[in-house]
Amino acid sequence: MAGDRERPIVVGAGVNGLVAAFYMGREGRAPVVLERASQVGGIAATEEFLPGFRASMVAPLAGPVTPRVLADAELAGHGLEWLESPVRVFLPSPEGRGIVLYSDAEKCAAEIARVSPGDAERYREARAALEAMAPFFVRVLETTPPAVENLSGSELFRAAKLGLSLRRLGKKNMLRALRWLPMPVADLASEWFETEPLRAAIAARGIFAARLGPRSPGTAARLLFQVAPWGDPFAPIIVPRGGMGALSEALAKAARAVGAQIRTEVQVERILVKDGRVAGVALTGGEEIAGRTVISGADPVRTLLRLIDPAQLSTGVLQKIRHYRIDGGAALVHIALDGLPRFRGLDSGSSSTAPPALAGRIQIGATVDALERAFDDAKYGRISAEPYLEVTIPTALDPSLAPEGKHVLSAWLQFAPYTLREGNWAERRDDLLQVTLRLLENYAPGISALVHGARVLTPADLESSYSLTGGHVFHGDLAMDQMYSMRPIFAHGCYRGPIPGLYFCGAGTHPGIGVTGASGLNAAREVLPDLRRGGS
Amino acid sequence: MAESYDVVVIGGGHNGLVHAAYLARAGRKVLVLESRPVLGGAAVTEEIVPGFRFSVFSYVVSLLRPEIIRELDLVRHGLEILPLDGTFTPLEGNYLWRVDDPMRTRREIARFSALDAEAYEDFGRAMVRICRFVRPMLGTPAPDPTRISWGDFEQLLWLVRRWQGIDAGDKFLLAQLGTSSAIDFLDRWFETDPLKATMSASGIIGTFLGVRSPGTAYVLLHHYMGEIDGTFRAWGFSRDGTGGISRSIAGAAAEAGATIRTEARVARILTRNGRAEGVALESGEEIRAKTVSSSLDPRQTFIRLLEPRDLPAEFLEEVGRYKFRGSSGKVNLALDALPDFTCLPGVGRHLRGAISISPSVEYMERAYDDAKYGRFSRQPYIDMVIPTLTDPQLAPPGKHVMSCFVQYAPYHLAEGDWDSRREAFGDAVIDAISRFAPNIRKIILGRQVLTPLDIERIVGLSEGNIFQGELSPEQLFFQRPVGGWARYRTPVSGLYLCGSAAHPGGGIMGAPGRLAALEILRQAPIKGVS
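Everything numeric in this text was worked out from a predicted model, so none of it was measured.

Conventions adopted
- Residues numbered from 1 in each chain as written.
- Chains lettered and ligands numbered in written order.
- Predicted model: local features only at pLDDT ≥ 70, side-chain atom pairs only at ≥ 80, totals over all residues.
- Heavy atoms only, no water.
- Helix = DSSP H or I, 4+ residues; strand = E, 2+ residues; numbered from the N terminus.
- Rg over C-alpha atoms; globule rule 2.2 N^0.38 Å.
- Buried < 20%, exposed > 50% of the residue type's maximum accessible area, 1.4 Å probe, protein only.
- Contact = heavy atoms within 4.5 Å.
- Areas by Shrake-Rupley, 256 points an atom, 1.4 Å probe, with all protein chains shown as cover.
- Domains from an automatic or database assignment.
- Buried area = accessible area lost by both parts, 1.4 Å probe.
- Nonpolar A, V, L, I, M, F, W, Y, C, P; charged D, E, K, R; others polar.
- Polar contact = N/O pair within 3.5 Å; in protein donor to acceptor, adjacent residues only side chain to side chain.
- Pairing = 2+ DSSP bridges.
- Axes fitted to C-alpha atoms, helices over the stretch in contact; angles between N-to-C directions.
- 1 Å grid on protein atoms, 1.4 Å probe; cavity = no way out; pocket = protein on both sides within 12 Å on 5 of 7 lines; lining within 4 Å.
- Points joined across faces, edges and corners; volume = space filled by probe spheres on them.

### Describing the overall build of chain B
Inference 1: When helices and strands are tallied, chain B shows 17 helices and 18 strands.
Inference 2: Its C-alpha radius of gyration of 22 Å places chain B within 12% of the 24 Å reference for a compact globule of 530 residues.
Inference 3: Relative to its full complement of 530 residues, chain B shows a buried share of 65%.
Inference 4: In chain B, the proportion of contacts linking residues at least 24 apart, taken out of those at least 6 apart, comes to 71%.
Inference 5: A total accessible area of about 18500 Å² is found for chain B, and carbon and sulfur atoms account for 51% of it.

Shown next, in the form of structure tokens:
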């Protein structure tokens, strides 16, 4: 068996794997990173889906990436350029102008005041509350959760520190945070706003990539994890120039710069276990790499049920992972457009530059009830009759992604349940494009005529092309019982796997709410002391 | 203004009466004021159809705290609990029957799945262990993480130490019960769909959630928390209906010297300089008291009985956000004969327990879907009991009363109002029953349909919520009813809450009434000794 046993092995060069590799390298423990695909990035990849048209295929937007990773990895020095949209969310209306939620807080409040002066006031209040809470939520995201199964010694200390940072918010905001976290996001949205599209804009973040509806308890926590660190009810839209693949490439450079070795087109077939601890990995083709430490960026089901021999796991762990909910509920529709779609009531500007409203998230799904109904269909194994669409037009900010004058439109479509009660995904793929265009026609009439071509990723495609079990982009449903200390499974929720030497660093760990890099950051922090102990 | 009391208790429901009994026994001069002619609040027995006596609202009991039964000597005051024999779930061409005989239940479940029959016993044992762990918390006030007092800190440490003392498997179960949906929790144990559907029903009762909504496993646990291994086994009937419970508590309170008045509706809580100093009745009569305890819910107490200026604006805002969202109704039937179920015809032991219309998980979930958009369930979940098979005196010889708890019936209807939809709702319930017991229509001598609006009007439970507010995670423990105000006190000095809206919540449990009394007496135990 080749390799230095002390050199850690990272399975998968997704954003979290690369972030973990960077932090380990920085501390003199650079790993070897093994990636199945020909390029790094995992779900954060830019691909040419039609000649001349490129899109961020699975993750259309960055989480945004957690501030500490951005600062530490100095990605600008590795060629990354961030583009920030002047608009965070655009809520088009079939009738008129819709609502444009600007990144600038005052401009945003003024726009909200146009539809509801009361809501503008509430927006300011919610913003002030979230700004005050931001340090706590940044801490929640960027630190390892206390291991609740063992609340003694250091874990109790960890919990106490977390409690202290919560107390530091002051009694009012502390109570607010505790009350908000387990709530259904629909209730929080109605506390914040009276205007239905604004409520829906809030609710949609709470259910993004979940198999939950806005009335499901715990969805407010999902929202808060995404927005509270940024101190605003609507998180900023910050994308890498060149699509998400550019982020991954910059991270790969940063990791290499600190000594990480990244190998692509090598597929890990098995994580080897000897005498009850990790011994290395076996690659497809027979090569074996020895290593006492394996950090898996693959999803927990793939890691524990496919890469590891089940005989090495206790029945308790096997039972837990078999009940881990990892069926995805969303699909992606990428459309190449011959021109910019014209949304009703929106000043389209000149043909060469897109109106700012189109540079953020464009949300189709105007009421909380509509989102809930979309979820109802998924409960019974149907594609939503009126799915919620989160549309981005990446070319509005970054024209380099398409030939001149042409555009790319990416629609996140929810719900499209992994397991269909009738039919299969191969025969339903085209339905997803049709329903997307049908819905968009209500807001941007004539869009169908601009279609040059399209590429649809069903949950089955997400599974087969991107190694996502169940087609779930978050590596497993992010609901209260699969969250925080219990993510992915109880007693193994703090980046440490159930076998000595095995760690998790993917989205199947806390926080797991999109491309933030926080899982990789936290995982590296847990691995490093163990490496030092083992190495000495 | 002649009379003056140490404590005046608003509301003569079971919690108000428990509260009064404890205070009177400690030597306080106590007055209980009940607006209705009958004591008991939602635990009352009334003759709705001539000759037929109904537990009009709540209809079964298991949660009543054993320390209350013991300390108030309720058995001597007439409390008698009769066994409720299992749960029968009729299905199309089949049935699922769990009965108070473990071997028989095992055989019945094994007809569906041998694995489930095995798991059912493990599940029962696990729930007993979990309830033993959680139970002491029902006898203590909730620890408040927002306070820094030594007592709170000590209590948190006590909880942590208890947590450290249980094994890993039980920790996992507790964590699941706190965060999962009822179905996700049950999925880990069982594969039989009607079994999961019927068991999950306890997870939604009194909430506006579905069996797949996260958080409902906690409500399931709440319903399991009856005295499983004590004086009673599981659920039971009170002799002479749930009014019998209220009467026994009232007897204990009266014997200890409490004065109890019915048809005395409180119109206002009197305050001066931020202190409660009595109540004014609708008759105009004013009654002075050093302490006022309200067993009513927060909306009734803080919004109806107080002026906005009596309370801090922030507190009022929180009260305004408190979620009631009544989701259930009740249909009481006077029957000429017994219902005859197609899947198990004839009169048998299966009719003596709970009869659950919960044929599948999808049936339960679809019932919730209707409610989400403001309709009563076209095919509702129904929990039926026929108490006359156990306690024949409730109806004339040979006749029966049947009590049907129905969910979902949302308080806010999208179309029409409850006064015009009441009978349509009743019809939907009868339709759902007749699908399994077609003779039901022919044997009905009288029916009473209670919508959430009726429950609000008659008993004063806001929005008809049977728990005085949803048992959702943000409304439990130190956040019940309002964060930082879970210790029975209120911003008005001398005003206490002693009803189900206070920790640990609803059901015929009596714990809030007792704990609030101990708080007033300043004898509240810090640890789980009861």
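Having seen it, we continue.
### What about the domain arrangement of chain B?
Residue and element names in this part refer to chain B.
Inference 1: As far as domains go, chain B holds domain 1 (4-43 + 63-80 + 241-323 + 468-520), domain 2 (103-233) and domain 3 (324-459).
Inference 2: Relative placement of domain 1 and domain 3: their C-alpha centres are 30 Å apart.
Inference 3: Contact residues are listed per partner, giving 12 residues for domain 1 and six residues for domain 3.
Inference 4: Summed over both sides, the interface of domain 1 with domain 3 buries roughly 760 Å², with 60% coming from carbon and sulfur.
Inference 5: On the domain 1 side of the interface with domain 3, the three residues burying the most area are Arg36, Arg299 and Lys323, jointly 47% of the side's total.
Inference 6: Partitioned by chemical class, the residues of the side of domain 1 that touches domain 3 number three nonpolar, four polar and five charged.

### Comments concerning the side chain of B:Asn15
Residue and element names in this part refer to chain B.
Inference 1: Following the sequence through the fold, Asn15 ends up in helix H1 (residues 14-25).
Inference 2: On the basis of relative accessibility, which here comes to 4%, the residue Asn15 falls in the buried class.
Inference 3: Here His14 takes part through its side chain, which lies 3.5 Å from a polar atom of the side chain of Asn15.
Inference 4: Non-local contacts of Asn15, meaning those with residues more than four positions away in its chain, are made with Cys498, Gly499, Ser500, Gly510, Ala511, Pro512 and Gly513.

### Brief notes about the pairing of strand S12 (residues 286-294) of chain B
Residues and elements named next belong to chain B.
Inference 1: Here strand S1 (residues 4-10) pairs with S12 via six bridges, running parallel. Counted as the bridge partner of Tyr5 is Ala289 from S12.
Inference 2: As defined by bridge partners, strand S11 (residues 275-281) adjoins S12 across three bridges and the pair is classed as antiparallel. Following the sheet pairing, Ala280 is matched in S12 by Glu286.
Inference 3: Pairing of S12 with strand S18 (residues 495-497) involves three bridges; the strand directions are parallel. Note that in S18 the partner of Ser294 across the bridge is Leu497.

### Side note on the sheet that holds strand S15 (residues 381-385) of chain B
All names here are of chain B.
Inference 1: The seven strands are arranged S7-S6-S14-S15-S16-S13-S17 in an open sheet whose pairing can be described as mixed. With partners counted over all chains shown, the strands left at the sheet margins are strand S7 (94-98) and strand S17 (444-450), one partner each. Here the average twist between neighbouring strands, direction ignored, is 20 degrees.
Inference 2: Bridge count for strand S6 (residues 87-91) against strand S14 (residues 354-357) is two bridges, and the pairing is parallel. Pairing of Thr87 across the sheet is with Ala354, part of S14.
Inference 3: Along the sheet, helix H8 (residues 193-200) makes contact with S6, S7 and S14, crossing S7 at roughly 50 degrees.

### So, empty space enclosed by the protein
Inference 1: Going through the model one piece at a time under the given rule, you end up with 10 cavities of 30 Å³ or more.
Inference 2: When its volume is computed, the largest cavity comes out at roughly 170 Å³.
Inference 3: Looking at the largest cavity, it is lined by 20 residues, and the ones nearest its centre are A:Pro60, A:Leu61, A:Val239, A:Pro394 and A:Leu401.
Inference 4: Here the residues of the lining of the largest cavity sort into 14 nonpolar, five polar and one charged.
Inference 5: The calculated volume of the second largest cavity comes to roughly 90 Å³.
Inference 6: Forming the boundary of the second largest cavity are A:Pro184, A:Ala186, A:Asp187, A:Arg215, A:Pro217, B:Phe208, B:Leu209, B:Lys323, B:Arg325, B:Tyr368, B:Glu470 and B:Ser472.
Inference 7: The residue inventory of the lining of the second largest cavity, partitioned by class, reads six nonpolar, one polar and five charged.

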